[in-house]
Amino acid sequence: MNTVPAWFSAFQKGDERGFEQVFHTYYKAIYFFANSFLKDAEAAADITEDCFIKLWIARGQIKDEKHLRNWLYKTARHQCLRWRARQVSKEQAEKAILLITEKEEADISEHIIKADTLRQVK
């Protein structure tokens, strides 16, 4: 049986110390992922902060630590795609989202692995 870490239970219940643990555990990895994807440090920092704000709001829906990790990366990816879309003209915005190449999809997985490795090393 999987036991839920105390910090995770605290996070789900809205305890700020639990959230701080999540933030300190995942912030650098999510920032690295977003910056690798966008090549824009300021945008990556904004997106990372937005992800954690959204996470705080959605905390009651997060089932376990694996779900939390996946949720953060998925949210960061969507935010990065939205940022990219806003960088092009309105008529090109939809095309920008749809034109993700297979290489970019592979790069996303590689960035997740690198970000997780960085998190584990830290």
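## Description of the pattern of salt bridges
Move 1: Overall, the coordinates contain four salt bridges when judged by the stated rule.
Move 2: The partner of R17 in a salt bridge is D15, with the nearest N and O atoms 3.2 Å apart.
Move 3: Under the relative-accessibility criterion, R17 is labelled exposed at 63%.
Move 4: Taken together, the salt bridges that share partners define one network made up of R69, D116 and R119.

## Quick notes on unusual backbone geometry
Move 1: Even without glycine at this site, K39 takes up a positive phi of about 60°.
Move 2: Structurally, K39 can be placed in the loop between α2 (16–38) and α3 (41–58).
Move 3: Note on K39: relative accessible area 66%, which makes it exposed.

## A short note on α2
Move 1: Residue Y26 marks the point of greatest curvature in α2, where the axis turns by about 45°.
Move 2: Restricting attention to buried positions, one finds in α2 the residues G18, F19, V22, Y26, A29, I30, F33, A34, S36, F37 and L38.
Move 3: Between the side-chain oxygen at the start of α2 and the backbone nitrogen of R17 there is a gap of 2.7 Å, and the oxygen is on D15.

## What about the confidence of the model for the chain?
Move 1: On average, residues of the chain carry a pLDDT of 86, and 84% of them reach 70 or more.
Move 2: For the chain, per-element mean pLDDT is lowest for helix α5 (residues 90–98), which scores 62, and highest for α3, which scores 97.

## Some details on the environment of R119
Move 1: With respect to the element layout, R119 can be found in helix α6 (residues 102–121).
Move 2: Remark: the alpha-carbon pair of R119 and K28, spanning 91 residues in sequence, is separated by 7.0 Å.
Move 3: Every residue in contact with R119, bar those within four places of it in the chain, is listed here: T25, Y26 and A29.

## Some remarks on the nonpolar core
Move 1: Ranked by size, the top nonpolar core spans 29 residues in total, and within it F11, F52, L55, L68 and L72 carry the most contacts.
Move 2: Secondary-structure elements contributing two or more residues to this core are α1 (6–12), α2, α3, α4 (65–86) and α6.
Move 3: With nine residues, α2 is the largest single contributor of residues to this core.
Move 4: Excluding anything up to four places from it in sequence, F52 contacts F19, V22, F23, Y26, Y27, I30 and L72.

## Let's talk about the environment of W83
Move 1: Tracing the backbone through its elements, the reader meets W83 in helix α4.
Move 2: Distance from W83 to L38, taken between C-alpha atoms, is 8.5 Å for residues 45 residues apart in sequence.

Conventions used here
Residues numbered from 1 in each chain as written. Predicted model: local features only at pLDDT ≥ 70, side-chain atom pairs only at ≥ 80, totals over all residues. Heavy atoms only, no water. Salt bridge = Lys/Arg side-chain N within 4 Å of Asp/Glu carboxyl O. Buried < 20%, exposed > 50% of the residue type's maximum accessible area, 1.4 Å probe, protein only. Helix = DSSP H or I, 4+ residues; strand = E, 2+ residues; numbered from the N terminus. Bend = angle between axes of the 7 residues up to and from the residue. Polar contact = N/O pair within 3.5 Å; in protein donor to acceptor, adjacent residues only side chain to side chain. pLDDT = per-residue confidence, 0-100. Contact = heavy atoms within 4.5 Å. Core = buried A, V, L, I, M, F, W, Y, C linked by side-chain atoms within 4.5 Å.

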